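# Residue-level structure breakdown
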Amino acid sequence: MELRKPFICRWVFLFVVVFVHLVNGFYLPGSYMHTYSNRDPIYAKVNSLTSIETELPFSYYSLPYCEPEGGVKKSAENLGELLMGDQIDNSPYRFRMNVNETLFLCTTSALNEHEVKLLKQRTRDLYQVNMILDNLPVMRFTNQNGVKIQWTGFPVGYTPPDGGADYIINHLKFTVLIHEYEGSGVEIVGTGEEGLGVISESDKKKASGYEIVGFQVVPCSIKHDPEVMAKHTRYDTLSRISCPGEVDKYQVIRERERISFTYEVEFVKSDIRWPSRWDAYLKMEGSRVHWFSILNSLMVIFFLAGIVFVIFLRTVRRDLTRYEELDKETQAQMNEELSGWKLVVGDVFREPDCSKLLCVMVGDGVQILGMAAVTIVFAALGFMSPASRGMLLTGMIILYLILGIAAGYVSVRLWRTIKGTTEGWRSISWSAACFYPGIAFIILTVLNFILWGSKSTGAIPISLYFELFFLWFCISVPLTLIGGFMGTKAQPIEYPVRTNQIPREIPARKYPSWLLVLGAGTLPFGTLFIELFFILSSIWLGRFYYVFGFLLVVLLLLIIVCSEVSVVLTYMHLCVEDWRWWWKAFFASGSVSLYVFLYSINYLVFDLQSLSGPVSATLYLGYSLLMAIAIMLSTGTIGFLMSFYFVHYLFSSVKID
């Protein structure tokens, strides 16, 4: 064995050296870098129309916009994009590298009643057009009260404050920021919408050219002269167009109106390099708030750590030392006079109520916690770039499927520990494989029927339903059963004390214990509620969330707080001779999910005031409930496992004949 150590060390050292060398040659994260020569054609793409008013995405071509020659073609979409309601299509907007021009696009046929109604509704619901060029979302800037605000996308139309007529955005002034790139011999790899790509040594010369590092737009509404526009064909060059300042020169939305669409593009050289082009979208604002959240959490941790320290070193160890120093006769006499946790020594490991459900929930909690931890670590290291749309959600689903093996193992091993036998392990494994996915399936199906009824692109296609079912049944379920089988072969955890046949009576209490359990959830919630605000804003307000480093720190602090809260609460229950600690330990930290759900409702009422309609509110509450259940399972599992270890350690120190 000693001879193998230097051999293993050499291999580890060699791996590290090779890995460092590769890191110098590759760039992560990002998408495959495109370089363009002068006058190369570049076509923009369009994503689903989105709104913070309704949260219901719709297809871009559900409105009477100009369609590309050759028809609308969908881009390849991954699992995450489909689940998020993205629908990326080609568009007729064509740019030519380094060519500044103003072009005519098309003139629609006369608007009918249905089209007018739809355009007015989308305009008043504040729908945004999301355009993409070289994998970069279009960005616009507005001034509000002297503050420059950055947005992604541009509005479908404009409604004046007086609420009179509605006007459509039919002229777009694009600014494309470009950086001149000369092949440097650096290999660049990425995982963008084109998949994995590498610029090899043979492509150095080909790679030289211009790279797109920014995409901005100024939207306008202009009433064009229909007689003049009728003479033009697509991509005809026009004279430069100025955006009007008077409302009476805007293009109004009304029946029998023919709308002409035009656009202009200007290429501007920039010092921004390609690896930094996403920095403008990922500007971390409010970093002081994140640090305040972390410092607040640290104060809670130190406070709880002080309590745990007192419990262990002053109370428990003092009692154990005094107890072990006595002779057997004195111990027997002292047992009659004892009070507190030492009296429940014969009941502390008695099987809890609904033990099967507890095992299943703990197993699913381990699965969800593992998925969240690995995803956040990878995202913090930069492997899940926002340039790769849907990659974060796709990665989470894949990790959840693979970690079914952990859910099966933990559920069955805990079941074997409680029951003392492996009988029924298949039922436990199946339940662990179906519990949370079953809840998610019911909630998502209800929400999907609502989305289908609204004809939204956010609705999951029936084909994707079968794909998800196939992934769950062919990957997650077998891995959960394999994990369960491994749990039957693992050594069961042996209790340090015997359980009496007759359960001990629990003394009456002035206040119900569940009040203490519910109150305990406020401490873990205090750790994460600030970060929760940023996460909800990124989901429902269309902002990018990319401070995964802070999120990783908050996750670690949350694990520590949940552990400490459950240990303290378990000890408090044992001290009042309440040996039914199993479920209370789970919900002491798991009750944070209740506060998360209540905070989500608070966010809906006070921060999403623009959200309109019962459909949007139902979608929001459905997804919030799904998130709260996942948080309950994961945080409850943390608290239960730490409390189990604490109780096992505590009573293994008591000598019982």
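Below is a short write-up of the structure. It should be emphasised that the depicted structure is a prediction, and the values quoted were computed from it without experimental measurement. (Residues numbered from 1 in each chain as written. Predicted model: local features only at pLDDT ≥ 70, side-chain atom pairs only at ≥ 80, totals over all residues. Heavy atoms only, no water.)

## Topic: the packing of helix α14 (residues 522-540) against helix α17 (residues 592-606)
How we decide: A fitted line through C-alpha atoms serves as each axis, taken over the contacting stretch for helices, and the angle formed by two N-to-C directions is quoted from 0 to 180°. Put simply, DSSP H or I for four residues or longer makes a helix, DSSP E for two residues or longer makes a strand, and each gets a number counted from the N terminus. Put simply, a crossing is left-handed when the front helix is turned counterclockwise from the back one by less than a right angle, and right-handed when it is turned clockwise. Here a residue-residue contact requires only that any non-hydrogen atoms of the pair lie within 4.5 Å. Note that Gly is not counted as nonpolar here; it falls among the polar residues with everything else outside the nonpolar set of Ala, Val, Leu, Ile, Met, Phe, Trp, Tyr, Cys and Pro and the charged set of Asp, Glu, Lys and Arg.
α17 packs onto α14 with a crossing angle of 35 degrees between their chain directions and a minimal axis gap of 10 Å. Where α14 crosses over α17, the handedness of that crossing is right-handed. Seen from α14, the contacting residues are T522, P524, F525, L528, F529, L532, F533, L536 and S537; seen from α17, they are V592, Y595, V596, Y599, S600 and Y603. Taken together, the residues that form the contact of α14 with α17 break down as twelve nonpolar, three polar and no charged.

## Some words on the environment of Y36
Applied cut-off: Exposure is judged per residue with a 1.4 Å probe applied to protein chains only, and the accessible area is read against the type maximum: over 50% gives exposed, under 20% gives buried, and values in between give partly exposed. Between N or O atoms, a polar contact is any pair within 3.5 Å; within protein, one atom must be a potential hydrogen donor and the other a potential acceptor, and residues adjacent in sequence are included only when both atoms are from side chains.
Its place among the elements puts Y36 in the loop between α1 (4-25) and β1 (41-46). For Y36, a relative accessible area of 13% translates into the label buried. Sequence-wise, Y36 and G209 are 173 residues apart; in three dimensions their C-alpha atoms are separated by 5.3 Å. Setting aside residues no more than four positions away along its own chain, Y36 makes contact with I42, M97, D134, G209, Y210 and I212. One polar contact links Y36 to D134, side chain to side chain, over a distance of 3.2 Å.

## Describing the state of the cysteines
We apply this condition: By disulfide we mean two sulfur atoms from cysteines, separated by a distance within 2.5 Å.
Following the criterion strictly, the structure yields two disulfides and no others. Through a disulfide, C66 is tied to C106; the S-S separation comes to 1.8 Å. Between C66 and C106 the sulfur-sulfur dihedral comes to about -80 degrees; the bridge is accordingly left-handed. Taken together, the residues C66 in the loop between β1 and α2 (79-83) and C106 in strand β3 (residues 101-107) connect sequence positions 40 residues apart. You can call C66 buried: its relative accessible area is 4%. What pairs with C220 in a disulfide is C243, and their sulfur atoms sit 1.6 Å apart. For the disulfide bridge between C220 and C243, the dihedral angle about the S-S bond is near 50 degrees, and by the sign convention the bridge is right-handed. On the criterion of sequence distance, the pair formed by C220 in strand β15 (residues 209-220) and C243 in the loop between α5 (226-229) and β16 (260-269) is long-range, its members being 23 residues apart. Since its relative accessible area comes to 5%, C220 is described here as buried. For the chain, the bonded cysteines pair up as 1-2, 3-4 when numbered in the order they occur along the sequence.

## Describing the pairing of strand β7 (residues 139-144)
Selection criterion: Here, a strand pair is defined by DSSP locating no fewer than two bridges between the strands.
Summarising the sheet, β7 and strand β8 (residues 147-152) pair through six bridges and their orientation is antiparallel. Residue pairing in the sheet places M139 in a bridge with T152 of β8. Hairpin connection between β7 and β8: a loop of two residues separates the two successive antiparallel strands, and N145 in this loop has a positive phi of roughly 55 degrees.

## Thoughts on the sheet that holds strand β6 (residues 136-137)
Taking strand neighbours across the sheet as the criterion, the four strands line up as β2-β1-β5-β6 in an open arrangement whose pairing is antiparallel. Where the open sheet ends on each side, the last strands, each with one partner, are β2 (89-96) and β6. Pairing analysis gives five bridges linking β1 to β2, with the strands arranged antiparallel. When the sheet's bridge partners are listed, P41 is paired in β2 with R96.

## Topic: the nonpolar core
For the record, the criterion: To form a nonpolar core, buried Ala, Val, Leu, Ile, Met, Phe, Trp, Tyr and Cys residues must be joined to one another through side-chain atoms within 4.5 Å.
With 96 residues, the main nonpolar core has F95, M131, F174 and F651 as its most contacted residues. For this core, the element with the highest residue contribution is helix α18 (residues 614-652), accounting for twelve residues. Setting aside chain neighbours within four positions, we find F95 in contact with D40, P41, I42, A44, L133, F174, V176, F215, Y263, V265 and F267. Counting residues in hydrophobic clusters, the runner-up holds 38 residues, among them L557, L558, Y620 and I638.

## Overview of the environment of L177
Mapped onto the elements of the fold, L177 is located in strand β12 (residues 171-181). Its relative accessible area of 15% is what places L177 among the buried residues. Remark: the alpha-carbon pair of L177 and D271, spanning 94 residues in sequence, is separated by 9.1 Å. Those residues in contact with L177, other than ones at most four positions away along the chain, are E211, I212, V213, G214, Q216, V268, S270 and I272.

## Focus on the packing of aromatic side chains
Selection criterion: Two aromatic rings, drawn from Phe, Tyr or Trp (for Trp, its six-membered ring), form a pair once their centres lie within 6.5 Å of each other, and the interplanar angle then sorts them: stacked below 30 degrees, edge-to-face above 60, tilted otherwise. Both a distance and an angle decide whether a charge sits over a ring: NZ of Lys or CZ of Arg must be within 6 Å of the ring centre and within 35 degrees of the ring normal.
Evaluated as defined, the whole model comprises 43 aromatic pairs. Residues W581 and F640 carry aromatic rings whose centres are separated by 6.1 Å and whose planes lie at 15 degrees to one another, so their mutual orientation is stacked. Highlighted residues: W581 in the loop between α15 (548-575) and α16 (582-590) and F640 in helix α18, separated in sequence by 59 residues. For W581, a relative accessible area of 1% translates into the label buried. Taken together, the ring pairs in this structure connect F349, Y495, W581, W582, F640, F644 and F651 into an aromatic cluster. Lying across the ring of W579, R350 places its NZ or CZ 5.7 Å from the centre.

## Quick notes on the packing of helix α11 (residues 425-453) against helix α12 (residues 462-489)
Under the convention used in this document: An angle counts as roughly parallel when it lies under 35 degrees, as roughly antiparallel when it exceeds 145, as roughly perpendicular when it falls between 65 and 115, and as oblique in every other case.
Across the interface, α11 lies against α12 with an axial gap of 8 Å and an inter-helix angle of 160 degrees. Classified by the interaxial angle, the pair formed by α11 and α12 is roughly antiparallel. Considering only the axes of α11 and α12, their crossing is right-handed. Residue classes in the contact of α11 with α12 are distributed as 16 nonpolar, six polar and one charged.

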